[in-house]
Structures are given as structure tokens and as C-alpha cells.
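# Examination of the molecular architecture
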Amino acid sequence: MENQVLQTYEIMEVCLLAGKIMLQSGGETYRVEDTMMRIAASFGIEKTHSYVTPTGIIFSAEGSMETKTKLIRISDRSTDLKKVAMVNSISRRISSGEVNLIEALDLLKGIDSLDITFPFMVQVAAASSASGCFMIMFSGGWNDFIPAMICGGLGYLSFVYFHRFVPIKFFSEFLASFLIGLLSLIFVTIGIGHQLDKIIIGSVMTLVPGLLITNAVRDLMAGHLVSGLSKGAEAFLTAFAIGSGIAVVLAFLKV
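Predicted model, so just to flag it, every value in this text is computed and none were measured. Numbering of residues starts from 1 in every chain and runs along the sequence as written. Side-chain atom pairs in this predicted model are given and counted only at pLDDT of 80 or more, local residue features only at pLDDT of at least 70, and totals for whole chains, interfaces and linings cover all residues. Here the side-chain values reflect all heavy atoms present in the structure, with hydrogen atoms and water set aside.

## With respect to the overall build of the protein
- Scanning the protein for helices and strands turns up ten helices and three strands.
- Helix and strand definitions follow DSSP, with helices as H or I runs of at least four residues and strands as E runs of at least two, each counted in order from the N terminus. Secondary structure of the protein in N-to-C order comes out as α-α-β-β-β-α-α-α-α-α-α-α-α.
- We call two residues in contact whenever any of their non-hydrogen atoms come within 4.5 Å of each other. A sequence separation of at least 24 residues applies to 65% of the contacts in the protein between residues at least 6 apart.
- Here the Shrake-Rupley method, with its probe set to 1.4 Å, supplies the accessible areas, and only the displayed protein chains count as covering residues. Taken as a whole, the protein presents about 13,500 Å² of accessible surface, with 65% of it coming from carbon and sulfur.
- Between the centroid of the 19 positive side chains of the protein and the centroid of its 21 negative side chains there is a distance of 4 Å. Only four residue types enter the charge count: Lys and Arg as positive, Asp and Glu as negative, with His and the chain ends excluded. To locate a charge, the coordinates of NZ of Lys, CZ of Arg, CG of Asp or CD of Glu are taken.

And the structure:
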């Protein structure tokens, strides 16, 4: 009996770790719940219940004698879809019987501690290039490509550094968008840039929470109202921060 209880807790630990990695890496709520339930079923626990929000996971497993429930908090979230794919792959291997409980826990711990993000300067270069390309996509002129790249790259750089000093996402996004608007206005004023609106639009696109908006709509469509509304509210705050930063520049500094 004691071994059975211990194994149940180990299975719950594997399920919760898989859910935690997926939720922290930008996975949808329904995908997190489905993955945890499939893993538990593969290890012999058929009756499980999960409740997932952007800030926490509650997972319950019904045993022969009693029901066991565990809760974990999610404090940091980012976008790392490769980790989501890796957890999905492990889940499929568990379902097919290729991986046992101990191996699954070791693999998931390895993924959790893995840092597979691109180097910081590569991220800045990608944000810079994307800003110029977005500016062209929004019907901007090629003569504004370089100013948009500079504004977008420095805006993303400032966003990361502001967030390190002030770990409140709203303020770091506000300050980064303010800097983007200020730099764009300076480029247009000195004659290097020409279309202020196009430069600003292209530059702020690296701050726009595209995945968050997509997941919010997807969760709402799937009936996960709490997660969908909370993600939608977070996306709205981000959009408000970006708009406010740009509005301050245009309202008080543009002549």
C-alpha cells in the first residue's frame, strides 16, 4: 500500500512537471491539461482532474483508497515552443511504453533546466531585422528600413534591460515603447526617417504579444474562460502599455 501511494505521488510529480514546463513556455491551457491526463493514464491512473490557470496548476488523482491533490505556482512565463514540443514528444513516448516513470522524470527535469534560448545579441538582431521587415509589410518605404531596424533593436534591448531593473512587465513595455517613439521622432526630425507612423508601427511589433492573444482566443473557444480572460487581460495591458508610451511621445514631444 505504501509503495502504491509513493508511486502515485511520483506519477503526479511527472504530470505536474510536464504541465509546468509547457505552461511556462507558452503552451495552451487545453494542451497542458490533456498532456497531464494522458501521462497519468499511461502510468495507470485513469481518473484524474486538472485545473490550469496562467499562474497555477491544480492536479488531482483518484486512487483506490483516497484522492490526492497537488498544487504548483507558475511565476515566470515566456515563449519557448521548442520546450513545448519536447514535452509533447516525451508524452507520446510514455503513451507508447518507450519510457518508464523514472526515465520520464529525469527527461523532464533535464528539459526544465535546459536553456535553449538564442544568445541575447542574436535576439536583438532578430528584433531589429523583424522591425524593418514589419515596416515594409505595413507599406513603408525602403528609405525608412534602417531607422526602423535601429528603433526596433534598441527598443527590444531597452525592454529586456528595463525588465531586469523593474520586474514589472507593464513599466518595461511602457518605457521601451516610449524610447521607440522618441527615437523614431528624432530620426524623422533630423531627416533620416520619413514616415513616422510606419517606423513606429514596425518597431513596436517585437513587443506585441501575438502568442498571448492567440492562446487567449484559443482558450476562450475551448471553454477555458478563466485562462482565456486572464491571458486576454494580460495582452490588453501590454497593448495599453505600448500605446501609452507612443502616445506620450506624440502628445508632448511632437511639434
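Alright, that's what it looks like, and here's the rest.
## With respect to the sheet that holds strand E2 (residues 56-62)
- Paired strands are those between which DSSP finds at least two bridges. As summarised here, the arrangement of the three strands in space is E1-E2-E3, forming an open sheet in which the pairing is antiparallel. Because the sheet does not close on itself, it has two edges, and the strands there are strand E1 (48-53) and strand E3 (67-73). With direction set aside, neighbouring strand axes in the sheet form an average angle of 10 degrees.
- Contacts from helix H2 (residues 29-42) reach E1 and E2 within the one sheet, and its direction differs from that of E1 by about 155 degrees. Interaxial angles span 0 to 180 degrees and are taken between N-to-C directions of axes, which are lines fitted to C-alpha atoms, for helices over the stretch in contact.

## What about the UniProt feature "transmembrane region" (unreviewed entry) in the protein?
- Sites flagged by UniProt as "transmembrane region" (unreviewed entry) map to residues 145-162, 174-193, 199-221 and 233-253.
- The straight-line gap between the two end C-alpha atoms of residues 174-193 is 23 Å; of that span, 80% is helix and 0% is strand.
- For the annotated span residues 199-221, helix accounts for 78% and strand for 0% of the residues, and the straight-line distance between the end C-alpha atoms is 34 Å. UniProt positions are given in the numbering used here, feature names are shortened, and annotations may be inferred rather than shown by experiment.

## Notes on the pattern of salt bridges
- The working definition used for a salt bridge is a side-chain nitrogen of Lys or Arg within 4 Å of a carboxyl oxygen of Asp or Glu. Enumeration over the complete set of coordinates arrives at eight salt bridges.
- Among the salt bridges present, the one from Arg31 reaches Glu28, with a minimum N-O distance of 2.9 Å.
- Here the term buried applies to any residue with accessible area under 20% of the maximum for its type, exposed to any over 50%, and partly exposed to those in between, with areas from a 1.4 Å probe on protein chains only. Judged by relative accessible area, Arg31 falls into the partly exposed class, the value being 26%.
- The exposure class of Glu28 is buried, given its relative accessible area of 16%.
- One salt bridge in this structure joins Lys169 and Glu173, with 4.0 Å as the shortest N-O distance. Taken together, the positions of Lys169 and Glu173, both in helix H7 (residues 169-189) and four residues apart, correspond to about one turn of that helix.
- The buried category is assigned to Glu173, whose relative accessible area is 3%.

## Quick notes on unusual backbone geometry
- Non-glycine residue Ser139 carries a positive phi angle of around 70 degrees.
- With respect to the secondary-structure elements, Ser139 resides in the loop between helix H5 (120-137) and helix H6 (145-165).

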